[in-house]
Amino acid sequence: MATPIYLRGASGIWTINGATFNPSPVSEIDTGNSCRCMVFSEDGSLFAWANAGSTFIMDTKTNTVLHDLKLPKVVDMKFSPLSNILATWSTYSVNKDTKVGQPNMNFVDVKTGSIIKSLIQKKAANWAPCWSCDEELCMRLVNNELHFFEKNNFNTAVTKLHVQKVSSFSLSQCPAPYTFAANFPGAKGQPSFVRVYNYPMEGVVASKSFFKGDRVDFYWNKKGNSVVILTSTESSESSYYGEQGLHFLDNRGESCFVPMQKEGPIYHVEWSPGDREFVVMHGYMPCKATIYNLKCEPTFDFGTGAWNSCCFNPQGNILLLAGFGNLPGNLEFWDYHKKKLICKTQAPDSTNFTWCPDGQHLLTSTTSPRLRVGNGYRVWHYSGTLMIQHNIPNHGELWQATVQPLPEERMPVFSISNKTVTSAVEQPKAKTEAYRPPHARGTAASAKPKPIQEYEAPSNVRKAAGAEGAQSKVKDGVYKQGRLPPGLSAAAAAASTATTPGQDAGRRIKLLKKKVKDIEKLKQSQASGTKLDNNQEEKVKQLESIMEELKTLQTR
């Protein structure tokens with residue numbers, strides 16, 4: 001893994017050699033303590049960073065600064081796909097003397113270093129423009145209106161989307177005709193819509209309506225012909241944490257609701273590089289990871305675990321299931337094509353991660369301000385071997401760690417091996433004791449037993465194992481290939497995990513009441529003239545059977 005690692009922190013920006021353990025800087029790019037952001041071009045040939053005084057563009061092959069843009073206090077940047085334009089954004093401000101707003105968004109010609117257009121973009125949310133893969137089209141959101149520019153000419157918008165207010169949008173990376181999706185929030189009890197368009201405008205290609213969607217996230221496949229949208233609300237009547245929904249649309253006009261296999265939040269959505277499947281991390285902990293096809297049918301699930309994100313390596317043959325944030329840092333590497341677990345390990349206290357271009361190594365980091373203690377980085381091999389580990393000395397702060405990207409032709413496909421990879425770094429060890437707060441250390445531990453947490457095996461293991469051990473509960477949250485814990489028979493496991501009929505009925509009644517409430521809302525919308533989609537109509541038809549089941553359960 002010879003790709004350089006770029007680090008940004010309180011001591012500036014520097015690089016290290018990813019092929020060695022030596023943490024000494026190979027190159028010190030900036031030695032100040034005010035480096036606000038850094039970004040690579042898509043092929044990794046250019047690197048841009050900004051400090052309090054200016055913004056710079058560097059050639060990564062020679063490590064020479066190409067341009068000093070004289071743009072101070074830039075806090076975010078983005079390269080266009082072909083690296084012709086660098087867009088920068090800084091916090092909006094008003095001139096104290098003239099009381100006139102100052103342009104805070106700039107389009108920079110990368111070849112000359114000159115600013116070709118300066119604009120006012122007040123909000124940080126959705127500030128970044130979106131380009132097509134060939135840079136023939138660029139879109140930006142201006143006062144809830146979409147503006148379209150062609151051939152990087154930002155002086156005049158070629159056209160604008162004049163419909164109702166747009167709150168967010170996303171442009172796919174497919175070749176012409178270009179496809180984009182826009183979110184139109186509902187008002188005064190009316191539903192929200194996500195609509196898919198082709199450019200030039202030829203009417204709506206696909207549309208999906210929903211009621212619960214204060215925020216919408218878009219997930220396009222690589223070809224750009226299908227998009228999964230995640231709708232979210234901040235809160236709801238049924239849950240303090242809000243509600244979410246997952247919907248599928250494509251450029252052929254198809255749309256449908258993606259059914260979840262487990263109740264709870266949706267943490268992450270990731271398309272496979274093959275563009276015909278996507279992975280959804282969902283459900284109350286332990287989270288469930290499920291693969292869906294283009295018909296939104298679940299085809300495989302990885303069981304449950306302490307995860308909240310997933311990521312394919314650049315070659316698409318390894319899928320990482322990870323649990324960061326308030327989770328213990330679990331890492332599971334899977335052979336995606338064989339649906340086989342390669343290994344498990346832990347990267348505790350990690351806040352960020354990214355695959356290296358070779359697809360065989362993973363970079364994890366602990367950064368401020370998420371965690372201000374123990375800042376540093378680690379490099380892992382997909383076999384679970386820890387290759388590099390370094391903490392910033394003197395309790396220094398690390399703000400960002402990333403790997404220089406490479407063009408696709410320099411990322412060859414490799415065969416997954418079961419051979420052990422050796423490393424000079426001390427390998428991580430499982431914690432033998434539970435965490436105890438400082439005031440309780442040195443005293444006798446409580447005899448209170450650890451709670452048993454239920455984990456579910458992957459679908460292929462459940463199918464192979466049959467009834468015995470398929471839904472076993474494993475002590476201390478450790479799952480062992482669907483087998484029962486040593487010394488525990490199938491009958492004993494079933495007895496220990498069983499719930500009383502009253503508990504099951506109570507859960508079912510609660511779920512059915514929620515469904516009735518949702519259907520009543522759909523019927524009210526239908527009565528007010530709103531046209532329901534096929535999925536919503538099917539839900540309304542189920543009301544009678546749901547009421548019958550609810551009545552039966554309540555009379556028991």
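Just so it is clear, the model here is predicted, and its values are computed rather than measured.

Caption draft 1: Region of interest: the overall build of the protein. Broken down by element type, the protein carries five helices and 38 strands. Per-residue burial for the protein yields a buried fraction of 46% across its 556 residues. Counting only contacts in the protein whose residues sit at least 6 apart along the sequence, the fraction spanning at least 24 positions is 41%. Carbon and sulfur atoms make up 51% of the accessible area of the protein, which amounts to about 29100 Å² in all.

Caption draft 2: Summary view of the sheet that holds strand β5 (residues 46-50). The four strands are arranged β4-β5-β6-β7 in an open sheet whose pairing can be described as antiparallel. In this open sheet, the two edge strands, each paired with only one partner strand, are β4 (37-40) and β7 (64-68). Pairwise comparison of adjacent strand axes, ignoring direction, gives a mean angle of 25° for this sheet. Here β4 pairs with β5 via four bridges, running antiparallel.

Caption draft 3: Representation of the environment of N153. Along the polypeptide, N153 turns up in the loop between β14 (145-150) and β15 (159-161). Expressed as a C-alpha distance, the spacing of N153 and L137, which sit 16 residues apart in the sequence, is 9.5 Å.

Caption draft 4: Local environment of the sheet that holds strand β3 (residues 27-30). If you walk across this open sheet you meet the four strands as β3-β2-β1-β36, and the pairing is antiparallel. Pairing within the sheet leaves two strands with one partner each, and these edge strands are β3 and β36 (398-403). Here the average twist between neighbouring strands, direction ignored, is 20°. Where strand β1 (residues 5-9) meets strand β2 (residues 12-16), five bridges bridge the pair, whose relative direction is antiparallel. Paired with Y6 across the bridge in β2 is T15.

Caption draft 5: Representation of the side chain of K208 within the structure. Along the chain, K208 turns up in strand β19 (residues 204-210). K208 sits in the buried class, given a relative accessible area of 3%. Other than its neighbours up to four places away in sequence, K208 contacts S192, F193, V194, H247, L249, S255, C256, F257, D533 and N535.

Caption draft 6: View of unusual backbone geometry. Going from A176 to P177, the amide bond is cis rather than trans, its omega being 0°. Tracing the sequence through the fold places P177 in the loop between β16 (168-171) and β17 (178-184). Geometrically, the link from S368 to P369 is a cis peptide bond, its omega value of 5° lying close to zero. Within the secondary structure, P369 is located in the loop between β33 (361-366) and β34 (376-381). Positive phi outside glycine occurs at K70, with the angle close to 60°. Positive phi values are uncommon outside glycine, yet N152 reaches one of about 60°.

Caption draft 7: Region of interest: the pairing of strand β30 (residues 330-335). Here β30 lies mainly inside the structure; six of its six residues are buried. Covered by surrounding structure in β30 are N330, E332 and W334 together with L331, F333 and D335, the residues of both alternating faces. Relative to β30, strand β29 (residues 318-323) runs antiparallel, the two being bridged by six bridges. The residue of β30 that forms the bridge with A322 is L331. Between the antiparallel neighbours β29 and β30 lie six residues, among them G325 with a positive phi of about 75°. As paired strands, β30 and strand β31 (residues 340-346) are joined by six bridges and run antiparallel to one another. Within β31, the residue paired with F333 across the bridge is C343. If you look at the hairpin formed by β30 and β31, you'll find four residues sitting between the two strands, and K339 has a positive phi there, around 55°.

The rules behind these values
- Residues numbered from 1 in each chain as written.
- Predicted model: local features only at pLDDT ≥ 70, side-chain atom pairs only at ≥ 80, totals over all residues.
- Heavy atoms only, no water.
- Helix = DSSP H or I, 4+ residues; strand = E, 2+ residues; numbered from the N terminus.
- Buried < 20%, exposed > 50% of the residue type's maximum accessible area, 1.4 Å probe, protein only.
- Contact = heavy atoms within 4.5 Å.
- Areas by Shrake-Rupley, 256 points an atom, 1.4 Å probe, with all protein chains shown as cover.
- Pairing = 2+ DSSP bridges.
- Axes fitted to C-alpha atoms, helices over the stretch in contact; angles between N-to-C directions.

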